[in-house]
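Now for the letters of each chain:
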Amino acid sequence: MEHKWIYINEITTLHADDDGICLSNEYNSITIDPYTLVDWLPNIIEVAFQEKEKRDKDKIEELKNIVNETI
């Protein structure tokens, strides 16, 4: 079976049904069964918070630079 990759930023549709959660983009779709999703959820949330923290730090630095340039 060929693996299908769907990156979070490429998801165009998301829906849930009895089979699980279906994620798709214009090229691929994948269904994650509910039990697997429950197992993966803590890691997904952890990575999401890490990415948000990185973006927040980058945005703060960007704003500091803008403020320092205007003073």
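Residues numbered from 1 in each chain as written. Predicted model: local features only at pLDDT ≥ 70, side-chain atom pairs only at ≥ 80, totals over all residues. Heavy atoms only, no water.

Engineer: How should I be thinking about the pattern of salt bridges in this particular structure?
Structural biologist: A side chain with one charge may pair with a side chain of the opposite charge, provided their charged atoms come close. What the rule picks out here adds up to five salt bridges. In this structure, Glu-62 and Lys-59 form a salt bridge, with 3.7 Å as the shortest nitrogen-oxygen distance. In this pair, Glu-62 and Lys-59 both sit in helix α1 (residues 34-70), three residues apart, roughly one turn of the helix. Taking the relative accessible area as the measure of exposure, Glu-62 reaches 41% and is therefore partly exposed. (Salt bridge = Lys/Arg side-chain N within 4 Å of Asp/Glu carboxyl O. Helix = DSSP H or I, 4+ residues; strand = E, 2+ residues; numbered from the N terminus. Buried < 20%, exposed > 50% of the residue type's maximum accessible area, 1.4 Å probe, protein only.)

Engineer: What is the right way to look at a nonpolar patch on the surface in this model?
Structural biologist: Residues Trp-40, Leu-41, Ile-44, Ile-45 and Phe-49 make up a contiguous nonpolar surface patch of about 500 Å² in total accessible area. Tracing the backbone through its elements, the reader meets Ile-44 in helix α1. Judged by relative accessible area, Ile-44 falls into the partly exposed class, the value being 41%. (Patch = residues over 30% accessible without salt bridge, like charges linked within 9 Å, V, L, I, M, F, W, Y side chains within 5 Å. Areas by Shrake-Rupley, 256 points an atom, 1.4 Å probe, with all protein chains shown as cover.)

Engineer: How do you make sense of the confidence of the model for the chain when you look at a structure like this?
Structural biologist: Interpretation of the predicted coordinates at a detailed level should be avoided for regions scoring low in pLDDT. Looking at the chain as a whole, the pLDDT averages 85, with 93% of positions reaching at least 70. Confidence, expressed as mean pLDDT per element, reaches its minimum in the chain at strand β3 (residues 29-32) with 86 and its maximum at α1 with 89. (pLDDT = per-residue confidence, 0-100.)

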